[in-house]
Amino acid sequence: MKIGVCVKSTPDTAITRFKYTSGNDGIDAAQVKFTVNPYDEFAVEEAARMKEAHGGEVVAVTVGDAGAGKVLRETLAVGVDRGVHVDAVNTDSLATARLLAAVARSEGFGVLFCGKVAVDDQASAVPAMVAELLGWPHVSVVTAFSTDGATFTASRAVGGGVEEVVTGALPVVITAERGLNEPRYQKLKDIMAAKKKVVGVVTPESLGVSAADLAPVVTFSAYADPPERPKGRVIPGDAAEAARELVRLLRDEAKVL
Amino acid sequence: MFDPTAEQLELAQAVRDFCHAEIGPTVKEDDEHERFRKELIGAMGAMGFCGVPTEESWGGLGLGYLDYVVVLEEIARVSASYAVSVAVTGLPQIILRMFGDDAQRAQWLPALAQGQALGAFALSEASSGSDAASLTTTATRHGDDYVLRGTKLWCTHGGVADLYVVMARTGGPGPKGVSAFLVPGDAPGLRGGKKEEKMGLRASPTTEVVFEDVVVPASSRLGPEGTGFRVAMAALDSGRITSGAVATGVGQAALEFSARYATEREQFGQPIIDFQGVGFMLADMAARVDGGRLMVRRAAWLRDQGLDYGQAAALAKLVATDAAMAVTTDAVQVLGGNGYTREYPVERYMRDAKVMQIVEGTNQIQRLVISRQIKARYRA
């Protein structure tokens, strides 16, 4: 079975300091180090484990510019067999979903794993749209997954510590939550072996997706920083006195008590 | 060769990710309690760190020394102790590849390269340090066997190693009476003796190793009788490159930590890096680390090219390890009172750096090697 996994190139949040583009309508990509979206790492790992258990081929797919294609290569050292880079601009979630659905259809994936959210726009929109476009079931924020090759069982944590178990028939779109698995490290040998693996570049036209299909339904007008947090206040005095003052302020000024 | 290749950067990143997650969290505790976690060598072996230059057919990665020094530097940035463990497990592999026969290689190389066996190198003795050729451990031939008797000192992985490369006397005095042997860690009569309580590299066990009539088959001798000193010297030549790489990693860690600190710590209303006295100190530290790294890379490159690298390795070891000592000392100074406390890692870097000026031939021995070459070249 072919196992698909969607990968998005997102800013490395550990080291990135953001700057906006001059028109405040985007992030200045030149200032940013990109890496695999952290939740997509769980998706990649699950795909790799499914292949190790059942055989098949793991194909990672991304939509974006040449930089996004480069990030796709990172997955080739952790269990992905082949990459498909859709060379297109990410205009909005629906356009991206149309392209990913077209790849899933032409590859004939049995399962499509995605991260539950991309840490850049935090939209969590694409996987559900892909499933809808394909007419496949979709299970989100999954913490355990198994399949016998024809049907699947997926667990998801719902509110109050309750676990919901979903079963159904393949093909399916699954989005990975933290805890689904522990992603492996890149072994040095696998990094070198990854050099021999192929990332195919495809265009929207070759997938049969027209410019009209990709016309954005959402436009981004502006980005802005959240308002600066007011400075904290230190209440002097001994503990009992300060506590009394703190309660007074919470009640009279902040009005939260 | 001046800068790492794209592939070397990828290897470095992978090593960094692993070390930060698996070694970093306990590095302080392991130092405090002199705790060596052997299972980490197995994990690093599975990642491919332990056999970087060993051929793929023998279970290694089949890469060059330029790649090897990148990996060692990255491990050392997190823990000098575990970088030394990888280098010391690498040493028997280099010796086996240069001097071993195929039976010996088949027995030991894959296990060492994959971190399933821990290596050790037993040369020094109580009265034989820099004067290595005066060693007194004996290997006496009895039929098809040798019987080893004597005590080795300052042996990294003593008592926990799975394979020791042992230098022992099979003939008369001097270097030509020495032979090299492969001795399994579980050989009857071999035991780890007193464990040294060390200033630095405290997560790396260093012990006396006692050989009480240890019987090994003649097939475990490396090369012909009397060539052991050549084996030891060749190992030290390679070891000089790796200790330079480990020192560079420690120096880099100290530079990074103190540079970040100097940009955050404010006194008199400004970050202390903006005081020229501190800023220039950091500039000198950066120059020293980079100088050492470049010389290590050159020695590694010469070795990869099959060119003579002995002199370059001695120069690199001298410069890189002196740099690490100077840079880590300055890092403590940049952090001031904080640097002197165990709450910050720079005092550990300083303690770890010191031994780099002593191992694989003291830096005085490096100067001796270098000055002999100068004399030979410029003699009237």
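No experiment lies behind these values; they were computed from the predicted model shown.

What counts and what doesn't
- Think of each chain on its own: its residues are numbered from 1, step by step along the sequence as written.
- Both sets of labels track the order of writing: A upward for chains, 1 upward for ligands.
- Only residues with pLDDT of 70 or above have their local features reported here, since the model is predicted, and side-chain atom pairs are shown and tallied only from 80 upward, although totals for entire chains, interfaces and linings are computed over all residues.
- As a convention, hydrogens and water are excluded, and side-chain values are obtained from all of the structure's heavy atoms.
- Each axis is a line fitted through C-alpha atoms, taken for helices only over the stretch in contact, and angles between the N-to-C directions span 0 to 180 degrees.
- Counting from the N terminus, the helices are DSSP H or I runs at least four residues long and the strands are E runs at least two residues long.
- Angle categories are assigned with fixed cut-offs, so that under 35 degrees is roughly parallel, over 145 is roughly antiparallel, 65 to 115 is roughly perpendicular, and the rest are oblique.
- By convention, the crossing between two helices is left-handed when the near helix turns anticlockwise from the far helix through less than a right angle, and right-handed when the turn is clockwise.
- Two residues qualify as a contact provided that any one of their heavy atoms is within 4.5 Å of a heavy atom in the partner residue.
- As used here, buried area is the combined drop in accessible area, with a 1.4 Å probe, of two parts when they are placed together.
- Within this document, salt bridges are pairs made up of a side-chain nitrogen of Lys or Arg and a carboxyl oxygen of Asp or Glu, the two lying within 4 Å of each other.
- What qualifies as a polar contact is a pair of N or O atoms within 3.5 Å, subject to a donor-acceptor requirement within protein and to the restriction that residues adjacent in sequence count only when both atoms come from side chains.
- When residues are grouped by polarity, Ala, Val, Leu, Ile, Met, Phe, Trp, Tyr, Cys and Pro land in nonpolar, Asp, Glu, Lys and Arg in charged, and all others, Gly among them, in polar.
- Here the nonpolar core consists of buried residues drawn from Ala, Val, Leu, Ile, Met, Phe, Trp, Tyr and Cys, with membership extended through side-chain atoms lying within 4.5 Å.
- Think of it in three bands: with a 1.4 Å probe and only protein chains considered, a residue is buried below 20% of the maximum accessible area for its type, exposed above 50%, and partly exposed in between.
- Note on ring pairs: Phe, Tyr and Trp rings are taken, using the six-membered ring of Trp, and paired if centres are within 6.5 Å. Classes follow the plane angle, with under 30 degrees stacked, over 60 edge-to-face and the rest tilted.

Section: the packing of helix α3 (residues 93–107) of chain A against helix α4 (residues 126–134) of chain A
Packed helix pairs are specified by the crossing angle of their axes together with the interaxial distance, meaning the distance between the axes.
All names here are of chain A.
Point 1. Contact geometry of α3 with α4 gives a least axis separation of 8 Å together with a crossing angle of 50 degrees. The angle between the axes of α3 and α4 places the two elements in the oblique class. Seen from above, α3 lies across α4 with right-handed handedness. Contacts from S93, L94, T96, A97, R98, L100, A101, A104 and R105 in α3 reach V126, M129, V130, L133 and L134 in α4.

Side note on the interface of chain B and chain A
Point 1. Tallying the contact residues gives 19 residues for chain B and eight residues for chain A.
Point 2. Among the residues of chain B in contact with chain A, E10(B), M47(B) and L61(B) are the three that bury the most area, contributing 39% of the side total.
Point 3. Scanning the region where chain B abuts chain A turns up one salt bridge.
Point 4. With a closest N to O distance of 2.9 Å, E10(B) and K195(A) form a salt bridge.
Point 5. The interface formed by chain B and chain A includes four residue pairs in polar contact (both at pLDDT 80 or more).
Point 6. Of the residues forming the side of chain B that touches chain A, the biggest block, nine residues, is contributed by helix α1 (residues 6–22) of chain B.
Point 7. Partitioned by chemical class, the residues of the side of chain B that touches chain A number 12 nonpolar, two polar and five charged.

Here's the deal with the nonpolar core
Point 1. By size, the foremost hydrophobic cluster in this structure holds 108 residues, and its most contacted members are F113(A), F145(A), L188(A), M44(B), F49(B) and I75(B).
Point 2. Counting residues per element, this core draws most heavily on helix α9 (residues 310–335) of chain B, which supplies 11 residues.
Point 3. Apart from residues no more than four positions distant in its own chain, F113(A) is found in contact with I3(A), G4(A), V5(A), C6(A), A43(A), E46(A), A47(A), M50(A), F145(A) and I174(A).

Concerning the packing of aromatic side chains
Point 1. As enumerated under the stated definition, the model contains 13 aromatic pairs over all chains in all.
Point 2. A centroid spacing of 6.1 Å and a plane angle of 55 degrees characterise the contact between Y39(A) and F42(A), whose relative ring orientation is tilted. In this pair, Y39(A) and F42(A) both sit in helix α1 (residues 38–54), three residues apart, roughly one turn of the helix.
Point 3. On the numbers, 5.1 Å between centres and 70 degrees between planes, the contact of Y185(A) with F18(B) is edge-to-face. Taken as a pair, Y185(A) in the loop between β10 (172–176) and α5 (188–194) and F18(B) in helix α1 lie in two separate chains rather than in one.
Point 4. Classification of Y185(A) by relative accessible area gives partly exposed; the value is 25%.
Point 5. Taken together, Y20(A), F220(A) and Y223(A) form an aromatic cluster joined through their ring pairs.

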